[in-house]
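Summary of structural features
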Amino acid sequence: MNLKRSYRSLVGGVWAGVLTTCLGLATVTVWTDTRDYERTIRDARSTAEAVVQALGQEANRLVSSIDMLLSAASARVDAHTFGASPHYTRQIVSGLMAHIPAVMAVRVLDGSTNGVLFGQGGAGSEGRPTDAELVRSALAVGQSELAIGWPTRVGPADSWFVSVARLVMPRPGETPLVAVADLSLTELQRLYGQLDLGPNGAIGLLRSDGVVLVRHPYVPDKVGRSIAGGSLMRAAAGSAGGSFDASASPIDGVSRYGSFQRVTGAPLLVTTGVSKDETLAAWRDGVRQDAAVVLGISTVLVGLGFGLTRALMRHRDLEAEARRAAGMLSAGEARYRLLAENTSELIVLAHDDGRRSYVSPAVRRLLGYTPEEAAAMRLRDCVHREDLALLVTQARRLAAGETQVSVVCRARHRTGSWVWVEGAFRRIPGAAPGEPAIIATFRDVGERQRHARALEEARITAERASQAKTDFLASMSHEIRTPLNGVIGYADLLLADRTLPGRHRRYLDRIASAGGALLTVVDDILDFSRIEAGGIALAEVPFAPAALVDNAASIVRGLSEPKGLALDVALDPTVPDWVRGDPDRLRQILLNLLNNAVKFTPAGRVAVRVAAEGGTLRFCVSDTGIGIAPEQHDRLFRRFSQVDGSIRRQYGGSGLGLAICKGLVELMGGTIGVESRPGAGSTFWFRVPLPACPALAAEAAEGRPAPVRPARLLLVEDVPINQDLARAVLESEGHRVDVAGDGAAAIEAVRANPYDLVLMDVQMPGMDGITATRTIRGLPGPEGRVPIVAMTANVLPAQLETFRAAGMDGHVGKPFKRAELAAAIARHRADGGGPVPLPALIDFEAFAQARSLMGPERIDGLLGLLAAELEQRFRVRSGDRAGLARDAHAMISAAGLLGFTGLSDLCREIEDACLAGADLPDLQRRIEAARAAALAQIETLRAA
């Protein structure tokens, strides 16, 4: 009975706690949401008030500026009676209007006749039909404030303007004057449109009687509509500023929290409004989220209440089962001990402090100790000192809460040797204080460790062999390419001399051919290394297959014609005119196959056939040569492999050409094969996916680079023969070349002279090219940004990546080709290789008009002032946007006044770019060129 009563009390307490928690959570949530609602409304009203205050200040400045303009115009018209110059009046009024973009026209009216005494801009000189009504309004208002007319629509583009009038009393007894300005409401609409109060926010400018003048969002048909009687006008009655509650707008029906402010000196009202729905949208989402959270937590609490109730109901049954289980535990423990003592793995029960309460008999087989001896040993006596720290770290992880950890370490055998064991440590769940808390199992992993050590040694050996191969390729490539650079380069220079005798030209042709053959062998080895290392990236560009095949055939024709071989080319009509792929690698494959066909064909013909098969092209190169036995076909595409040794002795070659072709074709996603019999010739074919694409423009298809402008170059090279060769090639292109013998000399040259490009050798005595490049990149100013192109015999992928990491912009391999060197200079030079575009600076017709209006002497003085301004302007440092914008703004009107319209337009473009945050380097180069040209033009005009 006592147990039942305590159970009922406990269940009642659980449900009381659940219900109290749910009610309290709901109460706190409602209170928090109510407070957030009030804060949201306050924030919306504060936003509207802040924006309306800013707009009010802007409107006050606008009214003040218009009032000053109208007063100045009236004063000047009044001064006309004393002989003041109307021309000077127009200059003053034009200057004032230029500072008020919203003013379209200004006129001064006779207050008694409504006649126009002075007018400028738009309909200023003729007046408007509404001027009579505006004069009456101005006379009624007096001089206390401006009079505002009705808004009027002009033009087909829904443009609006409104006339503003000021009453001026010149002297007692004289006719009053009324100065009128037409204001572009479209200009004010553009200003208001730059402000953002949300998608349904609203900004407006109203007359004091409720007539809408400007509104954002813009609704053309609502301009001129009166909203008198609405909540806004009721709140604004007799008040200089304030706010009004959310109510539906008479313009678009949207409810807003709004604010208003009257404009000083004019019957105008500035209003702003923040949408009620947008303001409360986030709050409503928060309320829904809070409700969902409260409901979810309440559901969880109720579920916990039911769960606890069920748990308590089972409590008595579990207590009875626990008594029965205690009786069965001793029997189970005996069975587990029997299992532990007969398993092959060592089992240890330990406490958190490291004491071992049980060690299984398997310790005799594993380590040679008795269980009692093993339990008494200290940890540092049985674990290798190099592995002890790892074992302690894993034990700490177990103590920190991890359920299981493992470790591989060396344990001491009774004989003194070390045994590799793997231990798995688990925490015993529910272990009582004083009982073992950790169970560990150990097994022998010595054989596994020996295998792992052997694999690691094999991996290190393989990596060393691969690195040795890479180092050998890099060294041999550099050592072979460096002398080849001089051989091939000087041969090309001499062959360019058309005055050489035929016999000498034949010798040079043989030298160039021998050098080219040796370079081909080196390139084959490097290409194969790149393919194996995955260092070749394929291009995806449009090209014409017919032109590609014709180009490859024309190159090989020089080898086939001396042997009397016919070279045929045929393209199937289904081959697309233009496809997308890598033309350079395809040309490399075709040239390799064609060279082999010509090499192994003593007589007969060589044929190239191209056919389309779906989205792929099939290339076939057939010959009538010596042929290949079928059993030798599988050796053809292996590296350093030919049919037999006699082939290499008779025909030469590295045995890499076909292996490279196979690697490139497979890299493109294609296949390659051969069909051949001894004495019946051979047909090598390959098929690659080349999708059709549209044709390129004529200029791009021709591929002819534009002539390169001469540049100032720094050649960094330590070998005299390479210095002379590169300098001769570069100077023949018109470039100015300075030479530095090592990296240190290159750094000093870059500090002393401005260069368009630096051609940097890599391996040099003293300071090498990579160290010099890193030093140059650390220099301040333009010196640190000079383009640097590596010109070296080091062309392996890993070496090129090292060049880029050091700060080099590109590379040209040795032996270099003149076309590749010229292309690299054009691509990387600092000035971009093209002339700086200049606008047409002066409009001579506009200049002639200004000269006839002002006279020669005055125009000469103004030209001198313009030249002085140009001398001082546009000298700001790079990145000073504010200074550049100020200089450009100052020159817009000065240049345009004297007819330098092109210079004025460029200055306006620079000012806009500065304000918009656009890129400036190109504009700065253009303004520097335009500045120099304008100064020269001014000097010519003044001398005329």
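Residues numbered from 1 in each chain as written. Predicted model: local features only at pLDDT ≥ 70, side-chain atom pairs only at ≥ 80, totals over all residues. Heavy atoms only, no water.

Thoughts on the overall build of the protein chain
For the protein chain, the count of helices and strands is 28 helices and 28 strands. Residue burial in the protein chain is summarised as follows: out of 944 residues, 40% are buried. Partitioning the intrachain contacts of the protein chain with sequence separation of at least 6 by distance along the chain shows that 61% fall at a separation of at least 24. Accessible surface for the protein chain amounts to roughly 50200 Å². Of this, 57% is attributable to carbon and sulfur atoms. (Helix = DSSP H or I, 4+ residues; strand = E, 2+ residues; numbered from the N terminus. Buried < 20%, exposed > 50% of the residue type's maximum accessible area, 1.4 Å probe, protein only. Contact = heavy atoms within 4.5 Å. Areas by Shrake-Rupley, 256 points an atom, 1.4 Å probe, with all protein chains shown as cover.)

Re the UniProt feature "modified residue: 4-aspartylphosphate" (unreviewed entry) in the protein chain
Mapped onto this numbering, the UniProt entry annotates "modified residue: 4-aspartylphosphate" (unreviewed entry) at Asp 761. Summarising the element assignment, Asp 761 is placed in the loop between strand S26 (757-760) and helix H21 (769-777). (UniProt positions renumbered as here; feature names shortened; annotations may be inferred.)

So, the side chain of Thr 773
Along the chain, Thr 773 falls in helix H21. A polar contact is formed between the side chain of Thr 773 and the backbone oxygen of Gly 769, at a distance of 2.8 Å. (Polar contact = N/O pair within 3.5 Å; in protein donor to acceptor, adjacent residues only side chain to side chain.)

Digging into the nonpolar core
One finds Ile 66, Val 103, Val 106, Leu 185 and Leu 268 to be the most contacted residues of the largest nonpolar core, which totals 42 residues. Top element by residues in this core is helix H1 (residues 2-79). It accounts for eleven residues. Residues within four places of Ile 66 in sequence aside, it is in contact with Ile 100, Val 103, Val 164, Ala 181 and Leu 183. Leu 590, Val 665, Met 668 and Leu 690 belong to the second largest nonpolar core, which has 37 residues in total. (Core = buried A, V, L, I, M, F, W, Y, C linked by side-chain atoms within 4.5 Å.)

Quick word on unusual backbone geometry
A cis amide bond links His 216 with the next residue in sequence, Pro 217, at an omega value of 10 degrees. With respect to the helices and strands, Pro 217 occurs in the loop between strand S8 (212-216) and helix H5 (231-236). In this model, Asn 114 sits at a positive phi of 65 degrees, which is unusual for a non-glycine residue. Among the structural elements, Asn 114 can be located in the loop between strand S1 (103-110) and strand S2 (116-120). Since its relative accessible area comes to 28%, Asn 114 is described here as partly exposed.

Quick word on the sheet that holds S26
Pairing is parallel across the open sheet formed by five strands, whose spatial order is S25-S24-S26-S27-S28. On the outer flanks of this sheet lie strand S25 (736-740) and strand S28 (810-813), each paired with one strand and no other. The average undirected angle you get between the axes of adjacent strands in this sheet is 25 degrees. Pairing of strand S24 (residues 712-716) with S26 involves four bridges; the strand directions are parallel. What sits directly across from Leu 713, in S26, is Leu 757. Strands in contact with helix H20 (residues 743-752) are S24, S25 and S26; relative to S24, the strand with the most contacts, it is inclined by about 165 degrees. Here H21 sits on the sheet and contacts S26 and strand S27 (788-792); the angle it forms with S26, its principal contact strand, is near 155 degrees. (Pairing = 2+ DSSP bridges. Axes fitted to C-alpha atoms, helices over the stretch in contact; angles between N-to-C directions.)

Re helix H6 (residues 276-313)
Over its 38 residues, H6 runs 55 Å from end to end, which matches the ideal 56 Å to within 8%, given 1.5 Å per residue. Where H6 bends most, the angle comes to about 35 degrees, and this point is Ala 282. Taken residue by residue, H6 has Thr 279, Leu 280, Val 294, Ser 298, Leu 301, Gly 305, Thr 309 and Leu 312 as its buried positions. (Expected span 1.5 Å × (residues − 1). Bend = angle between axes of the 7 residues up to and from the residue.)

A few points about the pattern of salt bridges
Counted by the stated rule, this structure contains 27 salt bridges. The closest approach of N and O atoms between Arg 908 and Asp 905, which form a salt bridge, is 3.4 Å. Here Arg 908 pairs with Asp 905, and both are found in helix H27 (residues 901-916), just three residues apart, close to one helical turn. Connected through shared salt-bridge partners, Arg 107, Arg 128, Asp 131 and Asp 182 make up one network. (Salt bridge = Lys/Arg side-chain N within 4 Å of Asp/Glu carboxyl O.)

Description of the pairing of S2
Pairing of S1 with S2, which is carried by four bridges, proceeds in the antiparallel orientation. Paired with Val 106 across the two strands is Gln 120, which belongs to S2. Linking S1 back to S2 in an antiparallel pair, the connection comprises five residues, with Asn 114 at a positive phi of about 65 degrees.

Regarding the sheet that holds strand S22 (residues 671-676)
Backbone hydrogen bonds are what pair the strands of a sheet, in a parallel or an antiparallel way. With respect to topology, five strands assemble into an open sheet ordered S18-S20-S21-S23-S22, the strand pairing being mixed. The open sheet has two free edges, formed respectively by strand S18 (566-571) and S22, since each of these has just one partner strand. The average angle at which neighbouring strand axes cross in this sheet is 15 degrees, direction not considered. Sheet topology note: the S18/strand S20 (residues 605-613) ladder contains six bridges and is parallel. The residue of S20 that forms the bridge with Val 569 is Val 608.

Considering the packing of aromatic side chains
For any pair of aromatic rings, the description rests on two quantities: the centre-to-centre distance and the angle between the ring planes. For the structure shown, the criterion picks out four aromatic pairs. Relative to Phe 306, the ring of Trp 15 has its centre 4.9 Å away and its plane inclined at 75 degrees; by these criteria the two rings are edge-to-face. Of this pair, Trp 15 sits in helix H1 while Phe 306 sits in helix H6, placing them 291 residues apart in sequence. Seen in terms of ring centroids, Phe 619 and Phe 686 are 4.9 Å apart; in terms of plane orientation they differ by 10 degrees. Their pairing is stacked. (Phe/Tyr/Trp six-rings, centres within 6.5 Å; stacked < 30°, edge-to-face > 60°.)

A look at the pairing of S22
Bridge count for S22 against strand S23 (residues 682-689) is six bridges, and the pairing is antiparallel. Bridge pairing in S23 links Ile 672 to Phe 686. Connecting S22 to the next strand, S23, in antiparallel fashion are five residues, including Gly 679 with a positive phi near 80 degrees.

Thoughts on the packing of H20 against H21
Relative to each other, H20 and H21 sit at 25 degrees, their axes nearing to 9 Å. Here H20 lies roughly parallel to H21, going by the angle between them. The chirality of how H20 crosses H21 is right-handed. On the side of H20, the interface is formed by Gly 743, Ile 747 and Val 750, while H21 contributes Ala 772, Thr 775 and Ile 776. (Parallel < 35°, antiparallel > 145°, perpendicular 65-115°, else oblique. Left-handed = near helix turned anticlockwise from the far one by under 90°.)

Here we look at helix H15 (residues 583-599)
With 17 residues, H15 extends 24 Å between its outermost C-alpha atoms, agreeing within 8% with the 24 Å of an ideal straight helix rising 1.5 Å per residue. By the criterion of burial, H15 is predominantly enclosed, with twelve of the 17 residues buried.

What to know about the confidence of the model for the protein chain
Of all residues in the protein chain, 79% have pLDDT values of 70 or greater, and the mean over the chain is 78. Taken element by element, the protein chain is modelled with least confidence in helix H18 (residues 698-702), mean pLDDT 38, and with most confidence in strand S21 (residues 616-623), mean pLDDT 92. Here residues 640-654 scores under 50 on pLDDT; set against residues more than four positions off or in separate chains, the count is 30 contacts. Per-residue pLDDT stays below 50 along residues 697-707; that stretch engages in two contacts with residues further than four places along the chain or on separate chains. (pLDDT = per-residue confidence, 0-100.)

Some thoughts on the packing of helix H25 (residues 856-872) against helix H26 (residues 881-897)
Running from N to C, H25 and H26 point in directions that differ by 155 degrees, and their axes come no closer than 11 Å. For the element pair H25 / H26, the angle class is roughly antiparallel. Our pair here, H25 against H26, has a crossing hand that is left-handed. Residues Leu 866, Glu 869 and Leu 870 of H25 form the contact with H26, whose own contacting residues are Met 891, Ala 894 and Ala 895.

Examining the side chain of Ser 298
By the secondary structure assignment, Ser 298 is in helix H6. Residue classification places Ser 298 among the buried positions, given a relative accessible area of 16%. Within the local environment of Ser 298, its side chain forms a polar contact with the backbone oxygen of Val 294, the two atoms lying 2.8 Å apart.

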